[in-house]
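Below are the chains, spelled out letter by letter.
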Amino acid sequence: PRNKMTMDPQMLEERDGLLIGLAQRCGGIEAMLDSLFSFLKRKTDFYHVQKEGDRIGFPQGVAEKMVLEALRKYQSDGVAAMPDQRALQERATRLQGERAKAPPQDAPNGAKAAAGRPSKPQEAPEKPSEGTQGAPAGGGGAGA
């Protein structure tokens, strides 16, 4: 195998967070794997079968062998180990809390830029009319 390097725990934790987020965005493991292999097809030479003189791709069968070796590396005795469901749920909740506190970096186009500025020029505040003192501006009552 090309890479027998073991990752340090901090790096594993960082990658776990990225991959959990990806799996959630994709809607599950199967869709995440589909996205991964689609990416490899569209953006890399992973599927290119090397011919004599090629400097890209892999020899026949090597890409498939890499995938199977990675799959088998984490299986134990032919049965995949199941993660602790409670620990997974606690971690997902923690990661969601961290994302909620973080600035909106992955907001839809334009949303990040608009987040820090008012949507229209500041106007002088109006004097509250009788019966509206303490009410939020713009009719922010229930249902608004």
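Remember, it's a predicted structure, so these values are computed and weren't measured experimentally.

Participant: Quick one: what's the story with the pattern of salt bridges, residue by residue and with numbers?
Facilitator: Scanning the entire structure with this criterion turns up one salt bridge. Ionic pairing is found between lysine 65 and glutamate 69, a salt bridge with its closest N-O pair at 3.9 Å. Of the two residues, lysine 65 and glutamate 69 are both situated in helix H3 (residues 62-73); the distance of four residues between them amounts to about one turn of the helix. The class of glutamate 69 is partly exposed, set by a relative accessible area of 32%.

Participant: Give me the lowdown on the environment of histidine 48, citing residues and values where you can.
Facilitator: As for its placement among the helices and strands, histidine 48 is situated in the loop between helix H2 (29-43) and H3. With a relative accessible area of 27%, histidine 48 lands in the partly exposed category. Sequence-wise, histidine 48 and glutamine 60 are 12 residues apart; in three dimensions their C-alpha atoms are separated by 8.8 Å.

Participant: Could you give an account of the packing of aromatic side chains, with specific residues and numbers?
Facilitator: Applying the stated criterion to the full structure yields two aromatic pairs. With a centroid separation of 5.2 Å and 90° between ring planes, the pair formed by phenylalanine 46 and tyrosine 47 is classed as edge-to-face. Residue classification places tyrosine 47 among the partly exposed positions, given a relative accessible area of 39%. Their ring planes at 75° and their centres at 5.9 Å tell us that phenylalanine 46 and phenylalanine 58 sit as a pair that is edge-to-face. With phenylalanine 46 in the loop between H2 and H3 and phenylalanine 58 in the loop between H2 and H3, this pair connects stretches of sequence that are 12 residues apart. In this pair, the class of phenylalanine 46 matches that of phenylalanine 58, namely buried.

Thresholds, definitions, all that
Residues numbered from 1 in each chain as written. Predicted model: local features only at pLDDT ≥ 70, side-chain atom pairs only at ≥ 80, totals over all residues. Heavy atoms only, no water. Salt bridge = Lys/Arg side-chain N within 4 Å of Asp/Glu carboxyl O. Helix = DSSP H or I, 4+ residues; strand = E, 2+ residues; numbered from the N terminus. Buried < 20%, exposed > 50% of the residue type's maximum accessible area, 1.4 Å probe, protein only. Phe/Tyr/Trp six-rings, centres within 6.5 Å; stacked < 30°, edge-to-face > 60°.

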